[in-house]
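One letter stands for each residue in the lines below.
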Amino acid sequence: MTPLPESQPDPGFEPLSDAFADDPYPTYARLRDHGAPWYFAGYDIWLLSRYEDVAAAAVHPACVRSPEAVMTPDEIAAQQVRDNWHNMPHHSRFVQFSLLNADGEVHQRLRRMIFNEFRTPSLQRLHAQTQVHVDRLIDTVIDAGAMDFIEDFAARVPGPVIGAFLGVPEEDCAPLRQWSDDIVQYFDIDRSDARKALAEKTTTEFYDYLLRLSDERRRRPQDDLISRLIARYDAGDLTEDAYISTCMLILMAGHGSTIDILGNGLAALFAHPDEQQRLSAGPSLMTTAVQEMFRYDAPLPFFHRFAAADFDLNGWHIRKGTKLGLLYGCANRDEAVFAHADCFDAGRAPNRHIAFASGPHVCLGNHLARMELDIVFSTLLRRLKDIAPAGESVRRRGLSVRGFEALPIAFRAA
Ligand code: HEM
């Protein structure tokens, strides 16, 4: 087996640059062409870029999320300081710890507790509600003939949907977007003190809100996920940290990512007018088109793993303790798996993309996310016509998220 290489070409990997935000795919292609895992010193991480390597690491039992398998508590504390993740009492209890960051038995137990909530019957109940919500949003913009697709539309989609899924009343959903944004952004590589203070303050506000909502549900339980979780907490099946972090994870995991994929999906259609036309003419393609949106421009392109033991990955020898970066968004453009990978194909099938990961941490919300996209794009294409870009769009910067700050569009009522 080959050890990880000591010297490497420079692929010009600058994930905080504007050029990377505008179009990371040429950089991703250079990483894939290099073939070997590539060491990114800025993050002390080995990046996996080829589909076969990323997919293999995502399912490999030696690849874990939590540093506990590879570091002593003192080493973790020192690492927290280096990453500026320390002295964040609420953030460390409810965000740095969650089922997403747990492994083995702890992870399976938490995941099993909520798994059934994400199955089709629960989602069918949400379908009609989501359709009404999306139609109302379109009612608010349809006469204007132009809007910023992100601010005026996409940003308003997921809050009430995930809120209804968990049991947050509609009138309380407004701050959810800002809360998840402030917290999730701290997972990216900008770890400034200002961002840190904001992430901790926001986590504290979010925690206080969830405590108030929990008291309310304790007094008057409803047929919702939060009422079922609070009953498990009160029965001693969940610690407070596990209870709150699970609620926060559900409310945050599908928030910014849904806004981002809505923008990425629309921009993909703009970049491929024939495919936009094909989808307008044949809405039965929507299921494959939505999968293709996730493959073509994944909104959560990067997650990490730690090697909990020495192991071999497609010929590379990975030593215990190595931190690996799984570039899902890069793997999804690998020509070895996807023909014409840089082209958007609304009818692509099969489509083995890994925008929702695979293995033990595969996204629980993937059916919900795809349902939302299906409803949004079907409704947009039915109720609006001549949808086109109408000004300069602005991309978000960062490695962990990919989306737009602004995406101005024009349209006419159909
Ligand atoms: C909209 C687009 C979405 C994308 C692209 C996405 C992507 C992902 C990915 C890649 C992971 C695995 C992370 C890893 O490999 O370490 C994940 C995990 C997860 N996602 Fe999503 N997600 C989306 C929406 C949602 C929604 C709507 C929800 C819930 C309402 C959700 C809930 C979760 C949860 C709970 C986990 C943790 C699963 C575990 O660790 O076992 N996601 N998601």
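The model shown is predicted, which means the values in this text are computed figures rather than measured ones.

Draft legend 1. Layout of the site of the ligand. Close to the ligand lie 28 residues, the nearest being H107, R111, Y328, H361 and C363. R305 places a polar side-chain atom, nitrogen or oxygen, 2.8 Å from an oxygen atom of the ligand. Here an oxygen atom of the ligand and a side-chain polar atom of H361 are 2.6 Å apart. Elements supplying a minimum of two residues to the shell around the ligand: α6 (104-115), α13 (240-253), α14 (256-271), β6 (302-307) and α18 (366-383). Here the shell around the ligand gets three residues from one element, more than from any other, and that element is α13. Of the residues assigned to the shell around the ligand, the class counts are 19 nonpolar, six polar and three charged.

Draft legend 2. Just the pairing of strand β13 (residues 408-413), in detail. Bridging between strand β5 (residues 146-148) and β13 involves three bridges; their strand directions are antiparallel. Following the sheet pairing, M147 is matched in β13 by I409. Across four bridges, strand β10 (residues 384-389) lies against β13 in antiparallel orientation. Paired with L384 across the two strands is A413, which belongs to β13.

Draft legend 3. Examining the packing of helix α7 (residues 120-141) against α18 more closely. At their nearest, the axes of α7 and α18 sit 10 Å apart, and the two run at 35° to each other. For the crossing formed where α7 meets α18, the hand is right-handed. For the pair α7 and α18, contact is made by L123, L126, H127, T130, Q131, V134, D135, I138 and D139 and by H367, L368, M371, E372, I375, V376, T379, L380, R382 and R383, respectively. Among the residues forming the contact of α7 with α18, the class breakdown is nine nonpolar, five polar and five charged.

About the cut-offs
Residue positions are given per chain, counting from 1 as you read along its sequence in written order. Per-residue local features of the predicted model are confined to residues with pLDDT of at least 70, and side-chain atom pairs are confined, for both listing and counting, to 80 or more; whole-chain, interface and lining totals are unaffected and use all residues. Calculated side-chain values reflect all of the structure's heavy atoms, with hydrogen atoms and water omitted. Working definition: residue near molecule or strand if any one of its non-hydrogen atoms lies within 4 Å of it. Here a polar contact is taken to be a pair of N or O atoms separated by no more than 3.5 Å, where protein atoms must pair a possible hydrogen donor with a possible acceptor and residues adjacent in sequence count only if both atoms sit in side chains. Helix and strand labels come from DSSP, where a helix needs a run of H or I of at least four residues and a strand needs a run of E of at least two; each type is numbered from the N terminus. When residues are grouped by polarity, Ala, Val, Leu, Ile, Met, Phe, Trp, Tyr, Cys and Pro land in nonpolar, Asp, Glu, Lys and Arg in charged, and all others, Gly among them, in polar. Paired strands, in this sense, are two strands between which DSSP finds at least two bridges. Interaxial angle, 0 to 180 degrees, is taken between N-to-C directions of lines fitted to C-alpha atoms, where a helix line uses only the stretch in contact. Helix crossings fall into two classes, left-handed where the near helix is turned counterclockwise from the far one by less than a right angle and right-handed where it is turned clockwise. The contact rule is simple, with two residues in contact once any of their heavy atoms fall within 4.5 Å.

Keep in mind these numbers describe shape, not what the thing actually does.
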